[in-house]
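Spelled out from the first residue to the last, the chains are:
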Amino acid sequence: MQPVVLITGGAGYVGSHACVALIESGYLPLVLDNFSNSSVESLRRVARITGVQPQLVEADVRDASALDSVFRSGPIHAVMHFAGLKAVGESTVQPLRYYAHNLAGTLALAKAMQRAGVRNLVFSSSATVYGEPGIEQLHEDLRCDPVNPYGRTKWMIEQMLADLAASEPGWRIARLRYFNPVGAHASGLIGEDPRGVPNNLMPYVSQVAVGRLDRLRVFGGDWPTPDGTGVRDYIHVMDLADGHVATLRHLLATPPQLLTLNLGTGRGTSVLEMIRAFERASGRAVPYDVVDRRPGDIAACWADATRAAHVLGWRTQRGIDDLCRDAWRWQQANPRGYGG
Ligand code: NAD
Ligand code: UFG
């Protein structure tokens, strides 16, 4: 029988790509999502790609009785926990909503796992937990000091999971710190579908290229970086999805442990380099203006990706040209996302 993995937030951007990678690796995803930032169409597309329709429970991850009935419905081998809110700016305006969905959501999930005796958990954390460390290459052992409510929810969850793992034998927990997930499945059938005007660089660039938005604003041309624009570690979402499968395999094959891993490429790319790569991939111009820095941004950061390579034997396979090509394929085929 194929092992079942509960995927909270599995209809979302990263979760839907993880569903594809899991199915292709012999796991059966069972998705729990409240569709607050996604649509059921992403799961229909997962079925078109893989030939397997993930089972779906429409529920809030904070709903203890919904979680209990999911765990009672049959054996669940592990949980991948993607459900949560992720907009840094919004988290400063609605902090309690972020603590409720992210922190209380994970608490409800961990308690339900404890009741059900399921102790294998892969958690979506973020490089935002590092805050503004003053260095560019970020290693897992750096002191975490997040600078916004979203980041604090992730760091609090990481600590809660560490306390849980220390308190009770048998937990296998991975805290995965994503750098900047971008791109789409190579089929162009699933991808990132932000609601409203995108906050992040890649979906904004894609929407300019497809003509849905007029011009990109480049936030700052005077950063202490080679071309003056911000530098980040952009990881292809399918590399990220494969990293989740590698993590799960590793957790299930080794003794109980708490694992903390960066998932990134280990390389930085500037905003201008990204614009040029997208223009090459799409054959379209991406007009832009350099404007003031965005409050809260840092100049440059990228992952020290050596621990994941060492522990998992996993490395990213795709580069900037691949991720621009795949993001463009998705954007062109779905100019209005899953909505049409
Ligand atoms: P997303 O918004 O596309 O996916 C999140 C999914 O969770 C959505 O389908 C949403 O409907 C669902 N959801 C939200 N709150 C819920 C709740 N209370 N109960 C049930 N379902 C709920 O986001 P994503 O980009 O796929 O991110 C997935 C995870 O990865 C998040 O935890 C996010 O914080 C983390 N992460 C994302 C990024 C990024 O840039 N995409 C970077 C670092 C970490
Ligand atoms: N940028 C622009 N114009 C835009 C959007 C972004 O110039 O319209 C620039 C930013 O200033 C930054 C780079 O593009 O230099 C990347 O910005 P993103 O908003 O795409 O990503 P961030 O690195 O700011 O943040 C992302 C996620 C956070 C997560 C963080 C962790 O949005 O949730 O990565 O690494 F916490």
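Residues numbered from 1 in each chain as written. Chains lettered and ligands numbered in written order. Predicted model: local features only at pLDDT ≥ 70, side-chain atom pairs only at ≥ 80, totals over all residues. Heavy atoms only, no water.

### Section: the overall build of the protein
Argument step 1. When helices and strands are tallied, the protein shows 11 helices and 15 strands.
Argument step 2. Taking 20 Å as the expected radius of gyration for a compact globule of 340 residues, we find that the protein reaches 19 Å, a close match to that expectation.
Argument step 3. Counting all 340 residues of the protein, 54% fall into the buried class.
Argument step 4. For the protein, the proportion of contacts with a sequence separation of at least 24, taken over those separated by at least 6, is 80%.
Argument step 5. Accessible surface, the protein: about 14,200 Å² in total, of which carbon and sulfur atoms supply 49%.
Argument step 6. Here the protein holds 34 positive side-chain charges and 33 negative ones, and the gap between their average locations is 4 Å. (Helix = DSSP H or I, 4+ residues; strand = E, 2+ residues; numbered from the N terminus. Rg over C-alpha atoms; globule rule 2.2 N^0.38 Å. Buried < 20%, exposed > 50% of the residue type's maximum accessible area, 1.4 Å probe, protein only. Contact = heavy atoms within 4.5 Å. Areas by Shrake-Rupley, 256 points an atom, 1.4 Å probe, with all protein chains shown as cover. Lys, Arg positive; Asp, Glu negative; His and termini not counted. Charge placed at Lys NZ, Arg CZ, Asp CG, Glu CD.)

### Notes on the site of ligand 1
Argument step 1. Around ligand 1 sit 27 residues in total, of which Asp33, Asn37, Ser38, Lys86 and Tyr150 are the nearest.
Argument step 2. Take tyrosine 13: an N or O atom from its main chain is 2.8 Å from an oxygen atom of ligand 1.
Argument step 3. Expressed as a share of its isolated accessible area of 820 Å², the protein-covered part of ligand 1 is 95%.
Argument step 4. Those elements giving two or more residues to the shell around ligand 1 turn out to be α1 (13–24), β5 (120–126) and α6 (149–167).
Argument step 5. Among the elements that take part in the shell around ligand 1, β5 stands out by supplying three residues, more than any other.
Argument step 6. A per-class count over the shell around ligand 1 returns 12 nonpolar, 11 polar and four charged. (Near = heavy atom within 4 Å. Polar contact = N/O pair within 3.5 Å; in protein donor to acceptor, adjacent residues only side chain to side chain. Nonpolar A, V, L, I, M, F, W, Y, C, P; charged D, E, K, R; others polar.)

### Section: the side chain of arginine 177
Argument step 1. Its location among the elements puts arginine 177 in strand β7 (residues 172–178).
Argument step 2. Among the residues examined, arginine 177 registers a relative accessible area of 2% and is labelled buried.
Argument step 3. At a separation of 2.6 Å, a polar atom in the side chain of arginine 177 contacts the side chain of glutamate 158.

### As for helix α5 (residues 95–116)
Argument step 1. Counted at 1.5 Å a residue, the expected span for α5 with its 22 residues is 32 Å, and the 31 Å between its end C-alpha atoms agrees.
Argument step 2. Of all bends in α5, the biggest is about 30 degrees, found at alanine 104.
Argument step 3. Those residues of α5 that sit buried are Tyr98, His101, Asn102, Gly105, Thr106, Ala108, Leu109, Ala110, Ala112 and Met113.
Argument step 4. Taken together, the buried residues of α5 touch β1 (4–8), α3 (64–72), β4 (78–81), α4 (88–93), β5 and α6. (Expected span 1.5 Å × (residues − 1). Bend = angle between axes of the 7 residues up to and from the residue.)

### Some remarks on the packing of aromatic side chains
Argument step 1. Taken as a whole, this structure holds three aromatic pairs when the rule is applied.
Argument step 2. Judged by centre distance (6.4 Å) and plane angle (90 degrees), the ring pair of tyrosine 98 and tyrosine 150 falls under edge-to-face. Here the residue tyrosine 98 occupies a position in helix α5, and tyrosine 150 occupies one in helix α6, the gap between them amounting to 52 residues.
Argument step 3. On the accessibility criterion, tyrosine 98 (0% relative accessible area) is buried. (Phe/Tyr/Trp six-rings, centres within 6.5 Å; stacked < 30°, edge-to-face > 60°.)

### A word on the pattern of salt bridges
Argument step 1. The tally for this structure, following the rule as stated, stands at 21 salt bridges.
Argument step 2. Close ionic contact of arginine 175 with glutamate 158 constitutes a salt bridge, the shortest N to O distance being 3.7 Å. With arginine 175 in strand β7 and glutamate 158 in helix α6, this residue pair connects regions lying 17 residues apart in the sequence. Both residues of the pair, arginine 175 and glutamate 158, count as buried. (Salt bridge = Lys/Arg side-chain N within 4 Å of Asp/Glu carboxyl O.)

### Some remarks on the sheet that holds β7
Argument step 1. Read from one edge to the other, the open sheet built from seven strands follows the order β3-β2-β1-β4-β5-β7-β12, with strand pairing classed as parallel. Looking at the sheet topology across the chains shown, the edges are occupied by β3 (55–58) and β12 (258–263). Averaged over all neighbouring strand pairs, the angle between strand axes comes to 20 degrees, with direction disregarded.
Argument step 2. In this fold α3 packs onto β1, β2 (28–33), β3 and β4, with an angle of close to 165 degrees to the strand it touches most, β2. (Pairing = 2+ DSSP bridges. Axes fitted to C-alpha atoms, helices over the stretch in contact; angles between N-to-C directions.)

These values are about where atoms sit, not about what they do.
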